[in-house]
Amino acid sequence: MRLRVLTPEDWPLWRDVRLAALTDAPHAFKTTLADWHRGGEERWRARLEMPGAFHVVALRDGRAVGVAGGVPGEGGVRELRSVWVGPEARGHGVGDRLIGAVEGWARRSGGTTLTLGVLPGNDAAIALYRRNGFVYLSSDGATGEQVMVKALHRAGGGP
């Protein structure tokens, strides 16, 4: 398995893996499959062209088996988004590698905190995030979405 950082020219790969994720695990994402069928190439490219964003795909035998993204927030906050690992690749460390890649980007881009939102009932994702050092921060009262956070430390152990 190898990781590939996506560029705007990779929009067909991003589209394919994002649609696979939304088809496989519609309960795990705030957006739906129908949301992403609108907009065509411009919409797919726009996500990859977000200033300062980072998107990575896990490939096994040339086929996408996972995806994760990172977007900058206010100050030193970075957000982990759109994490998904295909059924055939689960349990093989793919999620850990994807999260590690986004965490590395977050540090390199000056991030001090990495946050994420996870929908209620997504216990496998919560376990993955906890295993990678994320802790519960709060819940959205309207949606029940859990916000989790991880403090990022620079080499040498300091903040």
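Rules and cut-offs
- Residues numbered from 1 in each chain as written.
- Predicted model: local features only at pLDDT ≥ 70, side-chain atom pairs only at ≥ 80, totals over all residues.
- Heavy atoms only, no water.
- Pairing = 2+ DSSP bridges.
- Helix = DSSP H or I, 4+ residues; strand = E, 2+ residues; numbered from the N terminus.
- Axes fitted to C-alpha atoms, helices over the stretch in contact; angles between N-to-C directions.
- Buried < 20%, exposed > 50% of the residue type's maximum accessible area, 1.4 Å probe, protein only.
- Phe/Tyr/Trp six-rings, centres within 6.5 Å; stacked < 30°, edge-to-face > 60°.
- Lys NZ or Arg CZ within 6 Å of the ring centre and 35° of its normal.
- Core = buried A, V, L, I, M, F, W, Y, C linked by side-chain atoms within 4.5 Å.
- Polar contact = N/O pair within 3.5 Å; in protein donor to acceptor, adjacent residues only side chain to side chain.
- Contact = heavy atoms within 4.5 Å.
- Salt bridge = Lys/Arg side-chain N within 4 Å of Asp/Glu carboxyl O.

A.B. asks: Even after reading the chapter, I still don't get the sheet that holds strand β5 (residues 113-118), so can you show me in this structure?
C.D. replies: Strands sit in the order β1-β2-β3-β4-β5-β7-β6 across an open sheet of seven strands; the sheet is mixed. Each edge of the sheet is formed by a strand with only one pairing partner; in this case those strands are β1 (2-5) and β6 (135-139). Sheet twist, expressed as the mean angle between neighbouring strand axes with direction ignored, is 30°. Pairing analysis gives seven bridges linking strand β2 (residues 54-60) to strand β3 (residues 63-72), with the strands arranged antiparallel. Bridging from a neighbouring strand, Ala 58 pairs with Gly 66 of β3.

A.B. asks: What's the story with the pairing of β2 in this structure? I'm lost.
C.D. replies: Along a regular strand, successive side chains alternate from one face of the sheet to the other. Of all seven residues in β2, six are buried; the element is thus mostly enclosed. Where β2 folds back onto β3 in an antiparallel hairpin, the turn is made up of two residues, including Asp 61, whose phi is positive at roughly 55°.

A.B. asks: So what exactly am I meant to see when it comes to the packing of aromatic side chains here?
C.D. replies: Geometrically, a pair of aromatic rings is defined through the distance of the ring centres and the angle of the planes. For the structure on display, the rule yields three aromatic pairs. Judged by centre distance (6.0 Å) and plane angle (70°), the rings of Tyr 129 and Phe 134 are edge-to-face. With respect to burial, Tyr 129 and Phe 134 carry one shared label: buried. Sitting over the face of the ring of Phe 29, Arg 18 holds its NZ or CZ atom 4.8 Å from the ring centroid.

A.B. asks: I would appreciate a short explanation of the nonpolar core in the present structure.
C.D. replies: One broad rule of soluble globular proteins: the nonpolar side chains tend to lie buried together. Ranked by size, the top nonpolar core spans 26 residues in total, and within it Leu 80, Val 102, Tyr 129 and Phe 134 carry the most contacts. Elements supplying a minimum of two residues to this core: β2, β3, β4 (77-85), α4 (94-108), β5 and α5 (123-131). Residue contributions to this core peak at seven residues, all from α4.

A.B. asks: Would you mind showing me how to read unusual backbone geometry here?
C.D. replies: With glycine set apart, most residues show a phi of negative sign, and most peptide bonds adopt trans. In this structure, Asp 61 is a non-glycine residue whose phi angle is positive, near 55°. For Ser 82, which is not glycine, the phi dihedral falls at a positive 55°. Looking at the element boundaries, Ser 82 is found in strand β4.

A.B. asks: Sorry, what's going on with the side chain of Glu 145 here?
C.D. replies: Mapped onto the secondary structure, Glu 145 falls in the loop between β6 and β7 (146-151). Here Lys 30 takes part through its side chain, which lies 3.4 Å from a polar atom of the side chain of Glu 145. Discounting residues that sit within four places of it in the chain, Glu 145 has contacts with Lys 30, Gly 117, Val 118, Leu 119, Pro 120, Ser 138, Ser 139 and Asp 140.

A.B. asks: Explain the side chain of His 55 to me, please; I cannot follow it from the model alone.
C.D. replies: Mapped onto the fold, His 55 is located in strand β2. According to the relative accessible area criterion, His 55 is buried, its value standing at 3%. Looking at His 55, its side chain comes within polar contact range of the side chain of Arg 47, at 3.5 Å. Leave out the neighbours within four places in its chain, and His 55 touches Arg 4, Val 5, Leu 6, Trp 14, Arg 47, Leu 48, Ala 68 and Gly 69.

A.B. asks: Even after reading the chapter, I still don't get the pattern of salt bridges, so can you show me in this structure?
C.D. replies: Should their charged atoms come close, side chains of opposite charge can pair. For the structure on display, the rule yields eleven salt bridges. Of the charged contacts in the structure, one is a salt bridge between Lys 30 and Glu 145, with a shortest N-O distance of 3.4 Å. One end of the pair, Lys 30, is in the loop between α1 (11-24) and α2 (33-36); the other, Glu 145, is in the loop between β6 and β7, and 115 residues separate them in sequence. For Lys 30, a relative accessible area of 62% corresponds to the exposed category. The exposure class assigned to Glu 145 is buried, which follows from its relative accessible area of 10%. The partner of Arg 81 in a salt bridge is Glu 79, and the shortest N-O contact between them spans 3.3 Å. Under the relative-accessibility criterion, Glu 79 is labelled partly exposed at 26%.

Without other data, these values stay purely geometric and don't point to any function.
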